[in-house]
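Structural overview for review
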Amino acid sequence: MRRQTKYMVSGALIGGGLTVLGDILFQWFQHNENGQEFNWSSINTNRTLRNGLIGAGLGSGIGYFSYNSKKNKESNSEFCPETYFKEVLESENVKNESKLFNKNLEYRRKVKSFLSKIYSNKLAVLPEDTGSFHKRTAIGSNYDIDILLAFKRYEFGTLSDMYHDVLHSLETRFKGEAKIKRQRKSIELTFFSNGYEFRFDIVPGREINDYRVDKKLNFYVCPDWFWQMGSLSKSHVALDKNITVNKPQERKVIKLMKAYRDRNRIILPTTLIEQCVVKSLSESNYGVSNFTMDNLLNSMEYIAKRLENGSVRDMSNGHNDLAKKMSLYDKYRIARFLRRDVSRIDNDSHYIKEVFQF
């Protein structure tokens, strides 16, 4: 919820609530003056509701004017986008909550130790960290840990057998201790401790040739419906894992884009954000600026452009469309949303606070 909406909704709730309360008190005084008994059945609910709606409308208007007053005041004050972005990134540091971070690492050791032990002779390499946590693009408010299992080329009869064997092993070991959920290419493992969730994505894959040399795997893709057949997906794991290596500015923008996505409730896959930001800031596109705001706005513009194009090709597998699961309507809606914010920030840098503050 943007600040303007928040001010208006808060004003409507306060205005409506006070008006309803005032109307009920006024009716009580009227009944008392006339010597009549006052109870819930004697309340003129239609009048109270009507007055409450009027009060809500007035409160919403006051909220709108309060928001604009604060916004105008802020616009006349000094504002440094780079300092603000630094504050946002600091608030999203995964190590801010050290106890939770260490608990995540504890569960990671537990899961990897189990997988290493049970599949020791079937794996090409030991279980590997991958995903945002490995790439250092995870944000503290919303992240999981991805663990990749690279099985040897001739293990299991089919990719489906591989996937379901890992699923069965996890269910056997962690049933009752964690929630286990099958996903498209991974198996989600969620632990619960002291009211917090600790999520892991276990990703089983099988080497195509020699994983230790080419880092290429085949993955089993679960069908959307039970009557459908599963499919195969290829990936160049090294390309995906190393996409942000030696790219500190890209990592910074990826984190900001994730925070922007979550705080504005936009449906954008993490992999799409990561790859689009890297492509956007490459020399063949916008390049890397010395200013984070330029890098962020260029990335937002690039993502909007790719969504309007209809598809976003995976850098690690050109046959894979990262926006495949998004409807055409959502692609255009999100593209317009991004472009609108880019335009507003271009006109007034203070608007950055609107898209990140809630």
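Scroll up to find the structure this text is about.
Residues numbered from 1 in each chain as written. Predicted model: local features only at pLDDT ≥ 70, side-chain atom pairs only at ≥ 80, totals over all residues. Heavy atoms only, no water.

Let us now look at the pairing of strand β5 (residues 196-207). Within β5, 9 of the 12 residues are buried, which leaves it mostly tucked inside the rest of the structure. Across 7 bridges, the pairing between strand β2 (residues 145-151) and β5 is parallel. Of the residues in β5, the one forming a bridge with L148 is V203. Relative to β5, strand β4 (residues 187-193) is paired through 7 bridges, and the arrangement is antiparallel. Following the sheet pairing, S193 is matched in β5 by Y196. Count of turn residues in the β4/β5 antiparallel hairpin: 2 residues, of which N194 carries a positive phi of about 55 degrees. (Buried < 20%, exposed > 50% of the residue type's maximum accessible area, 1.4 Å probe, protein only. Helix = DSSP H or I, 4+ residues; strand = E, 2+ residues; numbered from the N terminus. Pairing = 2+ DSSP bridges.)

Quick look at the packing of helix α9 (residues 248-263) against helix α11 (residues 292-309) now. Where α9 contacts α11, the two axes come as close as 10 Å, and the packing angle between them is 65 degrees. When the axes of α9 and α11 are compared, the crossing they make is right-handed. Across the interface between the two elements, Q249, K252, V253, L256, M257 and Y260 from α9 touch T292, N295, L296, S299, M300 and I303 from α11. Its residues placed into classes, the contact of α9 with α11 shows 7 nonpolar, 4 polar and 1 charged. (Axes fitted to C-alpha atoms, helices over the stretch in contact; angles between N-to-C directions. Left-handed = near helix turned anticlockwise from the far one by under 90°. Contact = heavy atoms within 4.5 Å. Nonpolar A, V, L, I, M, F, W, Y, C, P; charged D, E, K, R; others polar.)

Here helix α4 (residues 98-118) contains 21 residues, and its C-alpha end-to-end distance of 30 Å stays within 8% of the 30 Å for a straight helix at 1.5 Å per residue. Looking at α4, one finds that the buried residues are F101, N104, L105, Y107, R108, V111, K112, F114 and L115. Taken together, the buried residues of α4 touch β1 (128-130), α5 (131-135), β2, α6 (159-174), β4 and β5. (Expected span 1.5 Å × (residues − 1).)

Turning to the environment of G11, a few remarks are in order. Mapping G11 onto the fold places it in helix α1 (residues 3-33). On a C-alpha basis, the gap between G11 and G55 in space is 9.3 Å, while along the polypeptide they are 44 residues apart. Ignoring anything within four residues of it in the chain, the contact list for G11 reads G59 and S60.

Turning next to the pattern of salt bridges. Throughout the structure, instances matching the rule amount to 17 salt bridges. For E106, the salt bridge identified is with K103, shortest N-O distance 3.6 Å. Residue E106 and its partner K103 are located together in helix α4, separated by 3 residues, close to a single helical turn. By relative accessible area, E106 is classed as partly exposed at 41%. Across the pair K258 and E274 runs a salt bridge, and its minimum N-O distance is 3.7 Å. Of the two residues, K258 sits in helix α9 while E274 sits in helix α10 (residues 270-280), which places them 16 residues apart along the sequence. (Salt bridge = Lys/Arg side-chain N within 4 Å of Asp/Glu carboxyl O.)

Right, let's get into the packing of aromatic side chains. In total, this model carries 17 aromatic pairs according to the counting rule given. For the ring pair W28 and F29, a centre distance of 5.0 Å and an interplane angle of 65 degrees mean the geometry is edge-to-face. Look at W28 and you get partly exposed, because its relative accessible area is 39%. Overall, the relative accessible area of 47% leaves F29 in the partly exposed class. Three or more aromatic residues joined by ring pairs form one cluster here, namely F79, Y84, F85, Y260, F337 and F356. Above the face of the F219 ring, K185 is positioned so that its terminal group lies 5.5 Å from the ring centre. Its end group placed over the ring of F79, K353 keeps NZ or CZ at 4.9 Å from the ring centre. (Phe/Tyr/Trp six-rings, centres within 6.5 Å; stacked < 30°, edge-to-face > 60°. Lys NZ or Arg CZ within 6 Å of the ring centre and 35° of its normal.)

Right, let's get into the environment of A259. Its place among the elements puts A259 in helix α9. The spatial distance from the C-alpha of A259 to the C-alpha of A138 is 9.9 Å, given a sequence separation of 121 residues. The residues touching A259, leaving out its near neighbours within four places in the chain, are E92, I139 and F356.

With that settled, the discussion passes to the packing of α11 against helix α12 (residues 328-347). Closest axis-to-axis distance for the α11/α12 pair is 8 Å, and the angle between their directions is 155 degrees. Classed by the angle they form, the pair α11 and α12 counts as roughly antiparallel. Here α11 and α12 pass one another in a crossing that is left-handed. Residues M293, L297, M300, E301, I303, A304, K305, L307 and E308 of α11 form the contact with α12, whose own contacting residues are K331, Y332, I334, A335, L338, R339, D341, V342, I345 and D346. Residues that form the contact of α11 with α12 fall into these classes: 12 nonpolar, no polar and 7 charged. (Parallel < 35°, antiparallel > 145°, perpendicular 65-115°, else oblique.)

Although it is not a glycine, F156 adopts a positive phi angle of roughly 70 degrees. The exposure class assigned to F156 is buried, which follows from its relative accessible area of 17%. If you check the backbone angles, K215 has positive phi at about 60 degrees while not being a glycine.

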